[in-house]
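Coordinates in review
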Amino acid sequence: MVDVNDDAKGGSYRRVEVLTGPGRRRKWSDDDKARIVAETLEPGTVVAEVARRRQVCPQQVFTLGLPRLSGHLR
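Below: a short report on this structure. (Residues numbered from 1 in each chain as written. Predicted model: local features only at pLDDT ≥ 70, side-chain atom pairs only at ≥ 80, totals over all residues. Heavy atoms only, no water.)

**Remarks on the packing of helix α1 (residues 30–40) against helix α2 (residues 47–54)**
Here is the rule: Only the stretch in contact is used when a helix axis is fitted, and all axes are lines through C-alpha atoms; the angle between N-to-C directions ranges over 0 to 180 degrees. Think of it this way: any DSSP run of H or I at least four residues long counts as a helix, any run of E at least two long counts as a strand, and we number them from the N terminus. Two helices cross in a left-handed way if the nearer one is turned anticlockwise from the farther one by less than a right angle. They cross in a right-handed way if the turn is clockwise. What makes two residues a contact is simply this: any of their non-hydrogen atoms within 4.5 Å. Polar here means any residue other than Ala, Val, Leu, Ile, Met, Phe, Trp, Tyr, Cys and Pro, which are nonpolar, and Asp, Glu, Lys and Arg, which are charged; Gly is therefore polar.
With their axes 9 Å apart at the nearest point, α1 and α2 run at an angle of 145° to one another. Note that α1 runs across α2; the crossing there is right-handed. Of α2, the residues touching α1 (which contributes R35, I36, E39 and T40) are V47, V50, R53 and R54. Partitioning the contact of α1 with α2 into residue classes produces three nonpolar, one polar and four charged.

Written out as C-alpha cells, the structure is:
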C-alpha cells in the first residue's frame, strides 16, 4: 500500500491500495477446470496453495470441483 498526502484534506494522510493480478472475469474451459480440480485431489495438496498459484480464492476452487465431484462432469 502507498500512503498519499492529500493537501486538500488539511494535510492528513490516506491509504491507497493497489490491486494487482487479473482484473476481469475469466472464463475457464472445462479442461482448465478439470486440471485445477485434479491438482487439488492429489495427496498432501493444500487447496489454498493451488488457489494462490491460479490467482483465485479457495472458494472458487471448491466451486469448480463441485460439479465434477458430484458426477455432473466426467
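**Re the side chain of E39**
We apply this condition: Buried, partly exposed and exposed residues are distinguished by accessible area as a fraction of the type maximum, computed with a 1.4 Å probe on protein chains only: under 20%, between the cut-offs, and over 50%, respectively.
When you line up the elements, E39 lands in helix α1. The class of E39 is buried, set by a relative accessible area of 16%. For E39, the residues in contact, after removing those within four places along its chain, are T45, V50, R53 and R54.

**Topic: α1**
In plain terms, the rule: The reported arc concerns the directions from the helix axis to the C-beta atoms and nothing else.
Here α1 has its buried residues at I36, V37, E39 and T40. One face of α1 carries all of its buried residues, which in axial projection span an arc of 160°.

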